[in-house]
Each structure stands twice: as C-alpha cells, then as structure tokens.
Number of protein chains: 2
Amino acid sequence: MKPIILDFDRSSGSPLYIQLYDYLRKEITAGNITDGEKLPSLRALAKNLDVSITTIEMAYNQLLVEGYVKSKPQSGYYASDINTDSESKPGFSPAPLDFNNYPFTKAKYKYDTRSFDFVKWKKCLAKVLNEHADLLLFESNPQGEKVLRHEISRYLYSSRGVKCTPDQVVIAAGTQQLTNHLARIMRKMNIRHVSTEEPGYMPLQNIFRDMGFTLTKIPVYHDGIHIEKLPVNIPSAVYVSPSNQFPTGAVMPIGRRYRLLDWAKKNNSIILEDDYDSELRYFGKPVPSLQGLDTEGTVVYLGSFSSTLFPAIKISYMVLPNHMVDIFKKIKNDYDQTCSKEEQLALAMFMEKGYYTTNIKKLRNLYAQKLQTTLAAFGKYGDDFITPQNTSSGINIIISVKTEKSTELLCKLAETLSIRVMPMSAFIQEDAAELIFYYNQIPLEEIDAAIKELVLLWKKQ
Amino acid sequence: MKPIILDFDRSSGSPLYIQLYDYLRKEITAGNITDGEKLPSLRALAKNLDVSITTIEMAYNQLLVEGYVKSKPQSGYYASDINTDSESKPGFSPAPLDFNNYPFTKAKYKYDTRSFDFVKWKKCLAKVLNEHADLLLFESNPQGEKVLRHEISRYLYSSRGVKCTPDQVVIAAGTQQLTNHLARIMRKMNIRHVSTEEPGYMPLQNIFRDMGFTLTKIPVYHDGIHIEKLPVNIPSAVYVSPSNQFPTGAVMPIGRRYRLLDWAKKNNSIILEDDYDSELRYFGKPVPSLQGLDTEGTVVYLGSFSSTLFPAIKISYMVLPNHMVDIFKKIKNDYDQTCSKEEQLALAMFMEKGYYTTNIKKLRNLYAQKLQTTLAAFGKYGDDFITPQNTSSGINIIISVKTEKSTELLCKLAETLSIRVMPMSAFIQEDAAELIFYYNQIPLEEIDAAIKELVLLWKKQ
C-alpha cells in the first residue's frame, strides 16, 4: 500500500488517535486502501508518524470495532470489504439554539394563567427532587406510583363516591394509554365489542379500532345512552360518561344508571365509566359515580387531571373491578409506565397537602363565574342569533347559531380571535349545526368583550 | 306520602340542602318514598322544616339532576322509578396518608446517587415553571415539543452522525410508545412483518404482536444479525441494535452495515435501528449510527434518555425518514403525546445549557471505572468460577458461572444482596447459561465488596 502520510494537527484539541482513525476510515471508504490490503504494523507506523504505539493501537482498535479493518492473529490488521456504492449525505449542520429566545409555539387560543397555581406545584416538585430523588433512580411502577394511587383512591371516595383500594387504581399518561391496557385486559375476558356514545369522545375509539375491536355507536339522549340498543347475550363493553356526557353535558338519571348496571350483569358485560370533568359541576353537588352504585364488579371508572390541574399534565387513571385487577397484574410487567414518575410523586404530594381540593374549589368558583358571564354575554350580544345549551357543568357550552355560514367557517372565524370553538360534527356521524364553545380558558375579564367581538364577526357578511 | 321528618344538624358544617338531599335520596332508594309519589311543594316543606324555600329548591334540584325525582311543569316533583335490587357496598373509608412518612417502595437494587445531577435538573424545571408556565396551559405537541426535537437533532448529529431535521424527530414516553406509532405507520406502508434479534429486547415485540404483526427471530452473531436470513421480495422491517446489541454488546462491522442497507433498499424494507446506550462506549469513540450511512430513507433511528439521565425519566425519540414523516403527520393528531411537556421543556433547556453532554462525559468516565473495577473483582474473587464477556460498552456485562445452581437461583441470590443480575434466558428462546450483570448503578466504592460477597454466596453449598 501507499505510505500513510498524515500531518497531525496538534493544536486542534482532537486526540491524535482520532485524527489517525478519521484519516484511515476515509481512505478505506474512498477505496484508497482496498479490501484485504495489509495495514502497517503498530511499531512501523508509530515510527513513521512519530507518535506512540498506543496511539496507533487505539486508532486500529476503533477501526476494528467499527469493522473497517480486520485483525488476523500473529499477522496484523487488514482493510475490510466495505462494499458500498452509497454516497455520503449532502452537508448538514443543525443550527444551535437559544432557549431564552426560542420562538415557542404560542397557545392557539386565549388562556388563563389564574387557572392553576404553579407556585405550589413547583414547591412539590422541588420537595420531590430534594428529598426523594433516590426514587427517580429506578423505574416507575407499571401500575403507577403507589403513593399517588393511594391519594387518588381517597380523593375519589370523598368527591365521587368511588369505592376502591389503591390496588385497583391504574395510572397512565392519558386516556389513550388506559384504553390500551383495557383492550388487552378485555381480550383476555373474550370481549371484542365496544359500544360508544354518539356523539362522544373519539380518540378512545381509534385505539379500540387499532386493537381489532368492533365498535357500535349508540345515540345519546338528554338522559344518557339508549340502553335498549346495547348488545345482549354476548359479553361486550359500553363506554359512557353518565355524569357529564361529552359534549352534550347530559346526566344519566339514577333509574337509568341501575338499568345500565343491570344490563351489564345480565350480559356478562362491563361498563367503562368516563368521569371526565365531573368535578366541574356548578350548581349543586357533583353527581355521584356509577362505580359507587356497582356491587357486581361491572364498572371500570376512568378519570383525568388535565382539566383540574393544567392541560399539559398527562396523568390519567382508572379504577378496575377486582377480577380485572387480577388479569392486569398478569400482563402489567409487559408494558412500561408512560407517566412521568417525577410528576406522579409531585401530584401525590400536591393532593396530600390539600392543594388539589383547594384548586378544584377555586376552579369551580372561577368557571361558574365564567359560565355566567358567557351566558350573559351571549344573551346581550347574541340575542335571537345564538342559543346556548348545556349550562351546568364542564368547560364548554353548546351553541346553535342562526346563520348561512358553515360551522367550519364559524370555527375558523373564532380562531382568528383566539377563541376555541369546535363543530359538533367532529363528534357525531350525522350533520350537526351546533358548535362547542370553550369558555374555561378565556380570562374572566375578557369574556364579555371576546363574545361581543365574536358575535359581530359571525354576523358580518 | 308520610310527612318528612328531619332534624337538621346545624352544627355539622354540612349545608342544610345537602342534609335534606341525603335524607330524601335514602328514602327514595330504600323505597320509603315510592315511584310516582308526589313530593311536598317547596313552600309547604320549607314551612314544615323551618328553612328557606331556596334550601328546599336546591335539594330538589340535586335530586332532579341525579334522576331521583322528576319534575312536572305546573305540578311539582315526583319520586322516580329507581328499579334496584342492589345493596349498597360494605363500609369503606381509605386511610389518610402522610407523604413524609410514606413507606415508599425502595429500590430493589443498589443505586448510585452520583450518576445524575438533580440540582441542575431542578434548576431547569424551576426555570420552565417560572418563565414558561404559559406553555403548560395548552397541550403538548403529539410529535413532541419542537424545542426538544431541535436539541435532539443537534445532539444526534454531533454525537452519533445522525442527519435529521427537528421535523423528522418524534418524541414519546418510552420505546413502547414509539413502537405503537411505528406499527401504525408501517401498516400504511403495507408492512406486516418484523424480524427481530435473538437474543433481543422483548417489550417491543409484545407491541408489534398486539398490533397484529408477524414476528421472526433471527440469530445475532458476534458481528450482528444474520442478514442472509432476512425475508426477501416482500416489504418488511428488521429491528437491530448495530452499535451495541442488547444484551450481547455485539457491534455490526461497517461492511455488514452496508449489506443491511442494501437488503432494505432491494426489498422495499426498513431498518429499525435501536441505538440504546450507544453513547456508553468506554474504549475509543462511540460507533457511528447506521442512519448516518443511509441515503435511501430506509432507516428509522431509535434512542432514549433513561440510561443517560435518570432511569425514571420516560423520554424516548425516533428519527423517521421523510417519507415516513409524511405518513406520521396524517395520523399524529389521532394520538396523544404521552411524554410530560414539563420534562420535555426542562430537558431541552438541560441540553441547551450543555449539561447533558457534560453528564454523558461524566457517566462514561464513571462507568468505565466501574467496569474496570467489576472486571478486576471478578478476576480476583471469581477466578475460574466466573468468565466475563462484552466488556466495552453499555451498563452491563455478560458472565458465565461454573456451577450446578440454576441461573434463576443465581439471580435470586444476587437479589438478596441488592445486586441486579438477569438470566440471559429471559432474552433468548433457547436455554442459555449466561447471566447479565448490571454494574452501572452500584456505587464505585461498593463494587469490589459486593462482588466478593456475591461470589462467596454463589459458591456456597
């Protein structure tokens, strides 16, 4: 082979062996040192290049480990067969970034910084990192941190009448992850069919569909899902939100609740009770859960913290009946926990200190005022033009608008004012003219002006 | 109906309307007020009970909303048909909890508090909460926070030779979540078959199996997966860890890398390159990635932060070729981001400030010392009894033990000393006598004594 001629750049800070390795790698890749060609001995090359034998050995070792050369015992190093006709990629160099001046994606819609107390949250996070950092040095429990499951079971009992032990609680990053677990458990129970509410929450349906389940949409009336249309004589599951149906806000009356439980018992079926936002009921107490009425282990209770803490927190939970806990325990170690352990521990502390219930009370109060202001503003500016419905719970109301404009156009116009309005048709198969108006994240003092502006824009030709 | 006799407990702190509501609910559920029975008028009951009409109205409204009573216009309130033969659950009251004295599940194995700098991490988290809390008031990007994707693309280019834009990076809570995304994208590419390494990382295989993929195990040799055994003439995917195979530590030489890329190109197939722990190589530089060699868009690059930050952090990422990015963008809004937004932002800042690369350097140095101490200790106490392999990368070595004891027993004995040892048979179909010994989380100064004790225990009759 040609002699190796290499001028080391001793001022570059790059170790000599790396410089030699880079040089040889390029020569081999370029075909200047060809397949099977013998490389100089360690001693000879060290002498030629005026460096130590160790430097040569380290470079050869790196080439060896990456396969650019082979070593033959008692003989030396030989260039490998690289076998490439690929060319290297065009020049590429991602720009450095300055966090302080980074153009963060701004919120698409108005938001209310008073809706969550980040000071207390930060206090809890800091305490976890100061006093319990050792807990972060091993992985999270696939079922969720026990201390948080404990707090959740206490909270659910006192606020929602849910009766469960921490052992029945499963924590995951969002309803979709819980649905993945559920789908796996339900398969083992030979359940392959899920009935869902129409209109209803969509993402869950995608997961079940992906996992090979059959889905049927059942209409929801003002008093909840149409029980008579549920499948009989086969085990199945029905997904309902009886205490605050999304998006209609319908509440299932007690008589229908017992009939639904009866349906599940008679058909060996289960009820997936999504209790999303049910704490946010502004007149009277929140409606107690279906789970609290269940004596047969037919109800899975689902809840989340995104509306009652801050939207970016991704902690959801479900309460399984004991026979489903047994199945979950057999499979849980096959699947990772997706929830941040740090945030789980911080949330457990946040709940233990009573900050969580204080925050809910504050939110309920704030949102009730927002709702009132919203309704008053629609009355004042909307008049006959806009009719609001569902006015006692959740974070949104439904409105009908008397206009020739399409619901899509109305939503787009709202977006130009940073107001979040969604077409009802996104949650229902049939055409629907209603819109869902989210008032929760608009700061209270901006609601009146925002709605005035919105109505003007919608009325404009 | 019988007259309503109720002694209000005015000292209990419970509002009067709630006390009345509770009383009436129990009477209706117990059947003492029966279906269709008319309740007293607001005025009459208010007078009888000596409370305000508003109190009665609030109680009736709560019963109405929950369906215990019905209202007939111009007539009044009537008890509903409850239709229940269920009995209420036995008494239940979860105990309160004291975070400071909570019996947290302790680490099963030894751990090293020096492996991560929580002070700097806390600083980044606090900065995010102090200066960017508004970003937490809306949901996380399903693809991952752009600022973190930017930092990841920069880091991967400089440390692993991966060439990508932030747009090609997808963030999720763990490899399992990434695999869920991958499975959905691959379906749209009509890929239904995945070849995996034997032995190899298992959880990913469960996900593909759950999603209906066919899996084939292909043996791994000292120089990587057996390319000749991969399927031809159909589009498929192969999952490899060419730079640090788990658990063997095998490195795929450059020639085989090009042959693998060639296989993918010729068969319209893709390569899933898991680059797990590849930064942790203790002699020479880390081996560059397969993605960096790819010019045809056949490589998906997968990485994670759990070994280089702290084990409980659940942030993983993948780099998709552009044609797969296009497919991902069509489906991404159907699926939630599972990663904590708070931690994503904190990590982006941690990387931007250079803490991440400092930490990796520190870790590499620390782990290299641990590895050396581990090998020395096995030499000193293990002698002919224990033979170590794979001694240049990762967080573990493979050991063979000359003993009649089963590998399961050896692992259990190690666990009694809080030392993490796993049987190789957990990752391979055939019987395997080797064990995987994790040295990374044992504090450096404890390694010698721990191994001495372990060898004594294993040798004991």
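Keep in mind that this is a model prediction, so the values were computed, not measured.

Quick notes on the rules
- Residues numbered from 1 in each chain as written.
- Chains lettered and ligands numbered in written order.
- Predicted model: local features only at pLDDT ≥ 70, side-chain atom pairs only at ≥ 80, totals over all residues.
- Heavy atoms only, no water.
- Contact = heavy atoms within 4.5 Å.
- Buried area = accessible area lost by both parts, 1.4 Å probe.
- Salt bridge = Lys/Arg side-chain N within 4 Å of Asp/Glu carboxyl O.
- Polar contact = N/O pair within 3.5 Å; in protein donor to acceptor, adjacent residues only side chain to side chain.
- Buried < 20%, exposed > 50% of the residue type's maximum accessible area, 1.4 Å probe, protein only.
- Helix = DSSP H or I, 4+ residues; strand = E, 2+ residues; numbered from the N terminus.
- Pairing = 2+ DSSP bridges.
- Axes fitted to C-alpha atoms, helices over the stretch in contact; angles between N-to-C directions.
- Parallel < 35°, antiparallel > 145°, perpendicular 65-115°, else oblique.
- Domains from an automatic or database assignment.
- Left-handed = near helix turned anticlockwise from the far one by under 90°.
- Nonpolar A, V, L, I, M, F, W, Y, C, P; charged D, E, K, R; others polar.
- Least-squares fit on C-alpha atoms with pLDDT ≥ 70 in both.
- Phe/Tyr/Trp six-rings, centres within 6.5 Å; stacked < 30°, edge-to-face > 60°.
- Lys NZ or Arg CZ within 6 Å of the ring centre and 35° of its normal.

## Some words on the interface of chain A and chain B
It is common to report an interface's size as the accessible area lost on association of the parts.
Move 1: Facing the 110 residues of chain A at the interface are 111 residues of chain B.
Move 2: Between chain A and chain B, the buried area comes to about 9700 Å², and carbon and sulfur atoms account for 58% of it.
Move 3: Between the two partners, chain A and chain B, sit six salt bridges.
Move 4: Linking A:Arg184 and B:Asp210 is a salt bridge whose minimum nitrogen-to-oxygen distance equals 3.0 Å.
Move 5: Where chain A packs against chain B, one counts 29 residue pairs in polar contact (both at pLDDT 80 or more).

## Here we look at the pairing of strand E10 (residues 316-319) of chain B
Residues and elements named next belong to chain B.
Move 1: The alternating pattern of E10 places Ser316 and Met318 on one face and Tyr317 and Val319 on the opposite face, and all of these are buried.
Move 2: In this sheet, E10 lies alongside strand E3 (residues 169-172) in antiparallel orientation, the contact comprising four bridges. Along E10, the bridge assignment pairs Ile171 with Tyr317.
Move 3: Here strand E9 (residues 299-304) runs beside E10; their pairing, made up of four bridges, is antiparallel. Along E10, the bridge assignment pairs Leu302 with Met318.

## Here's the deal with the packing of helix H6 (residues 175-188) of chain B against helix H9 (residues 322-331) of chain B
All names here are of chain B.
Move 1: As a packed pair, H6 and H9 sit with axes 10 Å apart at the nearest point and diverge in direction by 110°. Compared by their axis directions, H6 and H9 come out roughly perpendicular. Across from His181, Leu182, Arg184, Ile185 and Lys188 in H6, the residues of H9 making contact are Met324, Ile327, Phe328 and Ile331.

## Some remarks on the side chain of A:His226
Move 1: Structurally, A:His226 is set in the loop between strand E6 (224-225) and strand E7 (237-240).
Move 2: When neighbours within four sequence positions are excluded, A:His226 is seen to be in contact with A:Ile218, A:Pro219, A:Tyr221 and A:Arg256.

## A few points about unusual backbone geometry
All names here are of chain A.
Move 1: For the peptide bond that leads from Glu198 to Pro199, omega is 0°, which places it in the cis range.
Move 2: Within the secondary structure layout, Pro199 lies in the loop between strand E4 (193-198) and helix H7 (203-210).
Move 3: The phi angle at Asn233 is positive, at roughly 70°, despite the residue not being glycine.
Move 4: By secondary structure assignment, the location of Asn233 is in the loop between E6 and E7.
Move 5: Since its relative accessible area comes to 72%, Asn233 is described here as exposed.

## A look at the domain arrangement of chain A
Residue and element names in this part refer to chain A.
Move 1: Examined at the domain level, chain A breaks down into domain 1 (1-104), domain 2 (113-357) and domain 3 (361-459).
Move 2: Once you take the C-alpha centre of each, domain 2 and domain 3 turn out to be 28 Å apart.
Move 3: The interface is formed by 23 residues belonging to domain 2 together with 27 residues belonging to domain 3.
Move 4: Carbon and sulfur atoms make up 55% of the surface buried where domain 2 meets domain 3, a total of about 2300 Å² over both sides.
Move 5: For the domain 2 face of the interface with domain 3, the top three residues by lost area are Arg114, Ser115 and Tyr282, together amounting to 28%.
Move 6: On the surface where domain 2 and domain 3 come into contact, there are one salt bridge.

## Quick notes on the packing of helix H2 (residues 42-49) of chain A against helix H3 (residues 53-65) of chain A
All names here are of chain A.
Move 1: The geometry of H2 relative to H3 is characterised by a closest axis approach of 8 Å and an angle of 115° between their N-to-C directions. Pair H2 / H3 crosses with right-handed handedness. Residues Leu42, Arg43, Leu45, Ala46 and Leu49 of H2 form the contact with H3, whose participating residues are Ile53, Ile56, Glu57 and Tyr60.
Move 2: Across the contact of H2 with H3, the residue classes tally to seven nonpolar, no polar and two charged.

## Some thoughts on the environment of B:Ile227
Residues and elements named next belong to chain B.
Move 1: Tracing the sequence through the fold places Ile227 in the loop between strand E6 (224-225) and strand E7 (237-240).
Move 2: Judged by its relative accessible area of 7%, Ile227 falls in the buried class.
Move 3: Distance in space between the C-alpha atoms of Ile227 and Glu57 is 77 Å, their sequence separation being 170 residues.

## Quick notes on the relation of the copies chain A and chain B
Move 1: For the match of chain A to chain B, the screw axis carries a shift of 0.0 Å, the RMSD comes to 0.2 Å, and the turn is 180°. Each copy turns onto its partner about a two-fold axis.
Move 2: Counting the interface residues of chain A, we find that 100% of their copies in chain B are interface residues as well, pointing to one common contact surface.

## Considering the sheet that holds E3(B)
All names here are of chain B.
Move 1: Taken together, eight strands build an open sheet; the order of strands is E3-E10-E9-E8-E7-E4-E5-E6 and the sheet is mixed. A strand with exactly one partner marks an edge of an open sheet, and here the two such strands are E3 and E6.
Move 2: Contacts from helix H5 (residues 146-160) reach E3, E9 and E10, with the element oriented near 115° to E3.

## Concerning the packing of aromatic side chains
Move 1: Under the counting rule described, the total for this entry stands at 32 aromatic pairs over all chains.
Move 2: Their ring planes at 55° and their centres at 5.3 Å tell us that A:Phe305 and A:Tyr317 sit as a pair that is tilted. On the criterion of sequence distance, the pair formed by A:Phe305 in the loop between strand E9 (299-304) and strand E10 (316-319) and A:Tyr317 in strand E10 is long-range, its members being twelve residues apart. With respect to class, A:Phe305 is no different from A:Tyr317; both count as buried.
Move 3: With a centroid separation of 5.2 Å and 65° between ring planes, the pair formed by B:Phe208 and B:Phe213 is classed as edge-to-face.
Move 4: Accessibility expressed as a relative area gives 0% for B:Phe208, which makes it buried.
Move 5: Members of the aromatic cluster, joined through ring pairs, are A:Phe116, A:Phe118, A:Trp121, A:Phe310, A:Phe350 and A:Tyr355.
Move 6: Between the NZ or CZ atom of A:Arg420 and the centre of the ring of A:Tyr438, over which it lies, the distance is 4.0 Å.

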